[in-house]
Amino acid sequence: MPVRGRFLTFEGTEGVGKSTQLQVASRTLDELGVDHLITREPGGTPMAESIRELLLAPRDEPVHETTELLLMFAARAQHLHTRILPALEAGRWVLCDRFTDATFAYQGGGRGVPEVRIAQLEELVQGSVRPDHVILLDVTVETGMQRARRRGELDRFEQEAVAFFEQVRNTYLRRAEQSPDRYHRIDAGQSLEKVSADVASLITGLVRG
Ligand code: Z5A
């Protein structure tokens, strides 16, 4: 039976450097000869990317928290079953920019949706599938917001207040503390060179370990 690939997710509050560090992780895997797929949530397939557009577009109509939650998991079901699982089953590693930890952090911590409701949908959509490793890039909300804002136009989530992102960050940190074997917290407030070195070293350890 072919060896299943590993499922790695990159998480953190806005502007922590996930996209940048996914590229670092990808280069490291290339150097080590590990075949892999880079993808993101919400999104990752044409249909899930259409749901992403619905979710991120700033709009006058208030978005109910249940609508947002169900759209996140609708996109995830499509992405997981048509793209992530086939890649893992083919032995490829998957590097995913956000996954269900983001739902616990943003819809749970940020919007106040009860954790148990998110866990029910996680079970429905994913069964027992969970990321093998979660790379949590952690930086103060202030620094993350400054970095993200330098890019210009803000999406619907980026328009939230500081208090929202503090709740998001606290939820990530709490989840990382609860499962230290699966979560790898990296200080993303360091220089780009230092964060990249930490990520490359972590990925190398996961491949060799
Ligand atoms: N969301 C949700 O609510 N629930 C869910 O279940 C999921 C998602 C899956 C879109 O996600 C939104 O969806 C997200 C949560 C919600 N909203 N927010 N906020 P996204 O991942 O596409 O969007 P994002 O979190 O805003 O990511 P981002 O803005 O693309 O940031 P990033 O990828 O973490 O950062 P970056 O683009 O790599 O870096 C940002 C800038 O900082 C850039 O100019 C870099 O050059 C610079 N940078 C990076 N690292 C450093 C260091 N170390 N020093 C200095 N400057 C740096």
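In the block above lies the structure referred to throughout.
Rules behind the numbers
- Residues numbered from 1 in each chain as written.
- Predicted model: local features only at pLDDT ≥ 70, side-chain atom pairs only at ≥ 80, totals over all residues.
- Heavy atoms only, no water.
- Buried < 20%, exposed > 50% of the residue type's maximum accessible area, 1.4 Å probe, protein only.
- Helix = DSSP H or I, 4+ residues; strand = E, 2+ residues; numbered from the N terminus.
- Pairing = 2+ DSSP bridges.
- Axes fitted to C-alpha atoms, helices over the stretch in contact; angles between N-to-C directions.
- Contact = heavy atoms within 4.5 Å.
- Parallel < 35°, antiparallel > 145°, perpendicular 65-115°, else oblique.
- Nonpolar A, V, L, I, M, F, W, Y, C, P; charged D, E, K, R; others polar.
- Left-handed = near helix turned anticlockwise from the far one by under 90°.

Draft legend 1. Summary view of the pairing of strand β4 (residues 133-138). Of all 6 residues in β4, 6 are buried, a share of seventy percent or more. Along β4, one buried face is formed by His 133, Ile 135 and Leu 137 and the opposite face, lined by Val 134, Leu 136 and Asp 138, is buried too. Note: strand β1 (residues 7-11) against β4, 4 bridges, orientation parallel. By the bridge assignment for β4, Glu 11 is matched with Leu 136. Examined bridge by bridge, β4 and strand β5 (residues 183-187) share 5 bridges and lie parallel to one another.

Draft legend 2. Focus on the sheet that holds strand β3 (residues 93-97). Read across the sheet, 5 strands follow the order β2-β3-β1-β4-β5 without closing on themselves; strand pairing throughout is parallel. In the strand order of this sheet, the two ends are held by β2 (36-40) and β5, each with one partner. Neighbour-to-neighbour, the strand axes of this sheet turn through a mean angle of 20°, independent of strand direction. In terms of strand pairing, β1 meets β3 through 4 bridges, oriented parallel.

Draft legend 3. Molecular detail of the side chain of Arg 98. Considering the arrangement of structural elements, one finds Arg 98 in the loop between β3 and α4 (100-110). The buried category is assigned to Arg 98, whose relative accessible area is 14%. For Arg 98, the residues in contact, after removing those within four places along its chain, are Phe 10, Glu 11, Gly 12, Thr 13, Glu 14, Lys 18, Glu 41, Tyr 106 and Tyr 172.

Draft legend 4. Main features of the packing of helix α3 (residues 65-89) against α4. Look at α3 against α4: their axes get within 11 Å of each other, and the N-to-C directions meet at 175°. When the interaxial angle is binned, α3 and α4 end up roughly antiparallel. Facing Glu 68, Leu 69, Met 72, Phe 73 and Arg 76 of α3, the residues of α4 in contact are Thr 100, Thr 103 and Gln 107. Residue composition of the contact of α3 with α4, by class: 3 nonpolar, 3 polar and 2 charged.

Draft legend 5. Up close: the packing of helix α2 (residues 46-56) against α3. Look at α2 against α3: their axes get within 8 Å of each other, and the N-to-C directions meet at 160°. By the angle between their axes, α2 is roughly antiparallel relative to α3. Judged by the twist between their axes, the crossing of α2 over α3 is left-handed. Here Met 47, Ala 48, Ile 51 and Leu 55 of α2 lie close against α3, whose contacting residues are Glu 68, Leu 71, Met 72, Ala 74, Ala 75 and Gln 78. Broken down by class, the residue content of the contact of α2 with α3 amounts to 8 nonpolar, 1 polar and 1 charged.

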